[in-house]
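# Structure assessment
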Amino acid sequence: MDSKSEKGVVEISTDSVSRVDKYEFYDPSKESIWTRVGLNLESFKRAPGTTGGQVIAGQHNVEDIEHVQADGPMLQQKLKPRHLKMIAVGGSIGTGLFVGSGLALRQGGPVGVLIAWVLIGAMLVNITQALGEMAILYPVSGGFYTLAVRFLDPSFAFSMGWNYILQWAVTLPLELTVAVTTVQYWGEDLMPVAAWITIFWMIIIVLSIFGTVAFAEEEFWSSCLKLLIVVMFVIIGIICVCGGARSGSLYDHYIGGSFWQEPGPFANGFKGVCAVFVTAAFSFAGTEIVGLAASETPNPRETMPSAVKGTFWRITIIYITSLTIIGLLVPYTETRLFGGSGSNASPFVIILDNARIHGLSHLVNLTICISVLSIGMSSVYATSRTLVALAETGYAPNFFSYVDKAGRPLFALIFILACGAIAYVNTAAAGDVVFTWLLGLSALSTLFTWLSICLCHIRFRRAWKVQGHSLEELPFQALGGVWGSWFGVILIILVLIAQFYVAIWPIGGMNPNPGLVAQGFFQAYLALPIMILFYIVGYLWKRTRPLRAHEIDLDTGRKSWLTVEEMREYRAERARAPFYIRIYRMLFTN
């Protein structure tokens, strides 16, 4: 066996009449366990080739199967079905629900919160369905960024991609700071702020050394904990609403909908609902990461549908049920919603304290802390994978495309982990001001990302039709079809308008000082001019233009080549399953 084979490299050559094509595949299983988990020097060497580890459905319909296998991501397929499900179900549950819901209640009132979350949730269901349809067919490196390059415009994708990186690059130090405020719930003098930041930063760095597996396992177990806490909270909340709490507590008698009557269902009228729309949208940030994860799972056609459908259950059961209970048990005039910070302003903690269940409030606070670190890990994952894709498409320095033998995008990881040092700004007197402006750089990036996913889906469906393909060929079809994506586009535009309205005329009225008005506006809307600037730079750099529907490449990165007849046979066979199995598949799988 030659040296390449000993290092896990397999050469496959395909002879034809006029030429010989050679593809190099890398088999990580031939490496030592220490290399695979990333704990020796060998693991940091560049992977010599793609693993070709993704299942190709209908491969008998492909003339050059080795080419299709080689046309895969350099990242290794280490994610298991349970990982993908929990990334989808619990991945973005964090401070947006546990703490941010308190701000939303204060701004919009209980009914305003439900209106905003139901509409944004409906939009997210359609977005994840559209993303699932494309990611299952094209589980490419970079996910929605790479699809935007192909289906929309490379210059727009460049702008969206770098905005997405900025969003998460700021999120990491922010979450490190929020983690500090969380542990300060147990005492502000336990340890200096800089020491806490260092501890949490080191935890994320150590987990990142273990690569995709560490992220996946952390997401799985932290999501399990978050789901457990939410289910426990819902049960306790129902008991409290019915007056079953301890004698002498605020909930020792029937509460019902009394707080919807006094102080009322809406806190600040229409303006309050507009403000909550923005908060609700940002609380779902990270939902799209499941699209990035598709490239690191062996068989997206089998595992992605259940992950995509899990978003619906997360929104309906976790968010809507929890927010309904919060609105019933906490009036929007609660003083701790105004004066508290971190866990002290969490409606979860407030309700447990009002019910005199003090021990559980510590468990909830611990969960909030773990959730914050989980989102920090998500920021590392999302940024590094997007940066690799930017480098592969020529819109970032080429060294960011470096993927080592442990499957880590090494230099992309170093870049995002270094951004964690920004958290130390919080120890300075002007730290809050700096963070406010940094957040302004990326405040709207999530909305731009979701908008690009919807537009990609619309363009993909158009190209698929124009080039003579049938929807029956698709291994997974979005529930709302192209109309669901149009619904997403319209609602995102309305949220952007609401953000503009609240930025100019905030709750409490416009400030008489024009300078403060301008400052507040740009802190909320700075991402838009940055997005436009990136687009101009991308266009001047590459001089690209959007492709017409018949010019769009529908084959590169494609992993499902089943014909209409084969898909009809597949669906007919599944239709013969017992009724209860068909119901289960409809709700939870494909």
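Presented here is a report on the structure given in the accompanying data block.

Reading guide: rules and limits
Residues numbered from 1 in each chain as written. Predicted model: local features only at pLDDT ≥ 70, side-chain atom pairs only at ≥ 80, totals over all residues. Heavy atoms only, no water. Helix = DSSP H or I, 4+ residues; strand = E, 2+ residues; numbered from the N terminus. Rg over C-alpha atoms; globule rule 2.2 N^0.38 Å. Buried < 20%, exposed > 50% of the residue type's maximum accessible area, 1.4 Å probe, protein only. Areas by Shrake-Rupley, 256 points an atom, 1.4 Å probe, with all protein chains shown as cover. Lys, Arg positive; Asp, Glu negative; His and termini not counted. Salt bridge = Lys/Arg side-chain N within 4 Å of Asp/Glu carboxyl O. Polar contact = N/O pair within 3.5 Å; in protein donor to acceptor, adjacent residues only side chain to side chain. Contact = heavy atoms within 4.5 Å. Disulfide = S-S within 2.5 Å. Expected span 1.5 Å × (residues − 1). Arc of directions from axis to C-beta. Axes fitted to C-alpha atoms, helices over the stretch in contact; angles between N-to-C directions. Parallel < 35°, antiparallel > 145°, perpendicular 65-115°, else oblique. Left-handed = near helix turned anticlockwise from the far one by under 90°. Nonpolar A, V, L, I, M, F, W, Y, C, P; charged D, E, K, R; others polar.

## A closer look at the overall build of the protein chain
The number of helices and strands found in the protein chain is 25 helices and two strands. Its C-alpha radius of gyration of 25 Å places the protein chain within 12% of the 25 Å reference for a compact globule of 590 residues. With the C-alpha coordinates of the protein chain rotated into their principal frame, the extents come out at 85 × 55 × 50 Å. Looking at the protein chain as a whole, 56% of its 590 residues are labelled buried. Carbon and sulfur atoms make up 66% of the accessible area of the protein chain, which totals about 24,000 Å².

## Description of helix H16 (residues 347-354)
Burial within H16 is extensive, with seven of its eight residues counted as buried. All of the buried residues along H16 are Pro347, Phe348, Val349, Ile350, Ile351, Leu352 and Asn354. Of the residues one or two after H16, Arg356 is the one with positive phi, at around 60°.

## A look at the side chain of Lys78
Tracing the sequence through the fold places Lys78 in the loop between helix H3 (65-70) and helix H4 (81-90). The side chain of Lys78 is buried and forms no salt bridge, while Asp404, the nearest opposite charge, is found at 7.1 Å. A distance of 3.2 Å separates a polar side-chain atom of Lys78 from the backbone oxygen of Arg36. Ignoring sequence-local partners within four residues, the contact set of Lys78 consists of Arg36, His83, Thr212, Val213, Glu296 and Ala406.

## Some details on the state of the cysteines
Counted according to the given criterion, the structure contains zero disulfides. With no disulfide partner, Cys454 has as its closest neighbouring cysteine sulfur the one in Cys456, 9.4 Å distant.

## Notes on helix H9 (residues 193-209)
Given a rise of 1.5 Å per residue, 17 residues ought to cover 24 Å, and the 25 Å separating the end C-alpha atoms of H9 matches this to within 8%. When we look at burial in H9, the residues that qualify are Trp196, Ile197, Phe200, Trp201, Ile204 and Ser208. The buried residues of H9 occupy one face: seen down the axis, they fall within an arc of 125°. In this fold, the buried residues of H9 make contact with helix H8 (154-183), helix H10 (211-241), helix H17 (358-392) and helix H18 (410-419). One or two steps after H9, the chain reaches Gly211, where phi turns positive at roughly 70°.

## Notes on the packing of helix H6 (residues 100-137) against helix H21 (residues 481-504)
Angle between the axes and distance between the axes are the two parameters that describe a pair of packed helices. Taken N-terminus to C-terminus, the directions of H6 and H21 make an angle of 135°; their axes are 9 Å apart at the nearest point. Judged by the angle between their axes, H6 and H21 are oblique. H21 is crossed by H6, and the crossing has left-handed handedness. When H6 is examined against H21, the residues Leu119, Ile120, Ala122, Met123, Asn126, Ile127 and Ala130 are found in contact with a partner set consisting of Gly484, Ser485, Phe487, Gly488, Leu491, Ile492 and Val495. Across the contact of H6 with H21, the residue classes break down as 10 nonpolar, four polar and no charged.

## Quick word on the pattern of salt bridges
Counted according to the given criterion, the structure contains 12 salt bridges. Between Glu217 and Arg82 there is a salt bridge whose closest N-O contact spans 2.6 Å. One end of the pair, Glu217, is in helix H10; the other, Arg82, is in helix H4, with 135 residues separating them in the sequence. Of the charged contacts in the structure, one is a salt bridge between Arg558 and Glu473, with a shortest N-O distance of 3.7 Å. A residue pair is termed long-range when its members are at least 10 positions apart, and Arg558 in the loop between helix H23 (527-542) and helix H24 (564-575) and Glu473 in the loop between helix H20 (445-466) and H21 qualify at 85 residues. By relative accessible area, which is 12% here, Glu473 ends up buried. Overlapping salt bridges, with partners in common, bring together Glu31, Glu42, Lys45 and Lys405 in one network.

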